[in-house]
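What follows is the residue order along each chain.
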Amino acid sequence: MASTETAGKDTAQDLAGLEAGLDALDAVRVNRTPVREVLLRKVLPPLAAVALVLVVWQLLIWAQVTDDYKLPSPSQVWGEVADAWAQGTLLGYIWTSVSRGLLGFLLALAIGTPLGLLVSRVRLVRAAIGPVLSGLQSLPSVAWVPPAVIWLGLDDRMMYAVILLGAVPSIANGLVAGVDQIPPLHLRAGRTLGATGMRGTWHIVLPAALPGYLAGLKQGWAFSWRSLMAAEIIASSPDLGVGLGQLLEQGRETSSMSMVFLAIILILTVGIAIDLLIFSPLERWVLRGRGLLVKN
């Protein structure tokens, strides 16, 4: 009798320990990172990298590795920034391209998401459209600029068409890859619980495919931005305004390398800012939701 009671107590203790362990796994501990640590780990490294690039750049100028008109100094490029700011055109250059890029990306998102779901869920559609999407994804975006100009003319419609043709295949293929990686057991469990049709797509398929879908979104934005820059460089018209691509082309036409470097730096800055402000938080949210966000 005593041994039975002892065994029962041991079993109860084991179950209590198991329950506590599972609760510990489910609990998400959110610790606020000290400001000093954020500065040391997140802010200081990129600032140090930028400072190193500027130092190397200035050393190349002092060493006179090439002619002045081929490699402007940092001070000359900063002078271009100051002039554009004083003239009130700097923010206009940035906003013209960023507004086009974001709107084109949102349109590509609205088209690529249902297209990706359709391709991933319907075998006949995958067999018909899947290879076409892969081919379009590998096609350089600049190849679409000449036909888009001929078809639509020199206006914003041409810009958005080039963005869509560059971004939609990447978004759709990213979602298809994410859906393909969903364990079949999850789908069967969802159907058993009554999650079928659109309900199953919304509550089971999309959340499970989120990592691959997010990767497709990042690639889709990269393709959107590159497609837009190619279109702005090639297609020039007063009706289009002056974006970063047109600024780059103007620098080439006037042989102003300081303007060329200004355009390149602004294009890089926008790309980095979009990644830091939009996609990096989304990635952290997805990883945190899956218990994969590890503090190093």
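Residues numbered from 1 in each chain as written. Predicted model: local features only at pLDDT ≥ 70, side-chain atom pairs only at ≥ 80, totals over all residues. Heavy atoms only, no water.

**Student:** Even after reading the chapter, I still don't get the nonpolar core, so can you show me in this structure?
**Tutor:** Soluble globular proteins tend to bury their nonpolar side chains together. Among the nonpolar cores identified, the biggest contains 52 residues, and Met 158, Trp 225 and Leu 244 are the most heavily contacted of them. Apart from residues lying up to four places away in sequence, Leu 244 is in contact with Tyr 93, Ile 94, Ser 97, Trp 225, Met 229, Glu 232, Ala 263, Leu 266, Ile 267 and Val 270. Ranked by size, the runner-up nonpolar core spans 5 residues in total, among them Val 119, Leu 133, Ala 172 and Val 176. (Core = buried A, V, L, I, M, F, W, Y, C linked by side-chain atoms within 4.5 Å. Buried < 20%, exposed > 50% of the residue type's maximum accessible area, 1.4 Å probe, protein only. Contact = heavy atoms within 4.5 Å.)

**Student:** Even after reading the chapter, I still don't get unusual backbone geometry, so can you show me in this structure?
**Tutor:** With a phi angle near 55°, Gln 64 is a residue other than glycine that sits in the positive phi range. Turning to its location among the elements, Gln 64 is positioned in the loop between helix 2 (35–63) and helix 3 (74–87). When its relative accessible area of 63% is taken as the criterion, Gln 64 is described as exposed. The phi dihedral of Ser 255 falls on the positive side, at around 55°, and the residue is not glycine. Positionally, Ser 255 belongs in the loop between helix 11 (244–253) and helix 12 (257–289). (Helix = DSSP H or I, 4+ residues; strand = E, 2+ residues; numbered from the N terminus.)

**Student:** What is the right way to look at the pattern of salt bridges in this model?
**Tutor:** If the charged atoms of two oppositely charged side chains come close together, the side chains can form a pair. In the structure shown here, the tally under the stated rule is 7 salt bridges. Close ionic contact of Asp 156 with Arg 100 constitutes a salt bridge, the shortest N to O distance being 3.2 Å. Here Asp 156, found in helix 7 (residues 156–180), pairs with Arg 100, found in helix 4 (residues 90–121); they are 56 residues apart in sequence, far enough to count as distant. One network of salt bridges, in which partners are shared, links Arg 100, Asp 156 and Glu 232. (Salt bridge = Lys/Arg side-chain N within 4 Å of Asp/Glu carboxyl O.)

**Student:** Before we go on, may I ask you to explain helix 5 (residues 123–138) in this structure?
**Tutor:** Residues spaced three or four apart along an α-helix point in a common direction, a consequence of the helix completing one turn every 3.6 residues. Taking 1.5 Å of rise per residue, the 16 residues of helix 5 would be expected to cover 22 Å, and the 22 Å separating its terminal C-alpha atoms lies within 8% of that figure. Of all the bends in helix 5, the largest measures some 40° and sits at Ile 129, one to four residues before the proline Pro 131. All of the buried residues in helix 5 are Val 125, Gly 130, Leu 133 and Gln 137. Residues of helix 5 that are buried in the fold lie against helix 4, helix 7 and helix 10 (210–234). (Expected span 1.5 Å × (residues − 1). Bend = angle between axes of the 7 residues up to and from the residue.)

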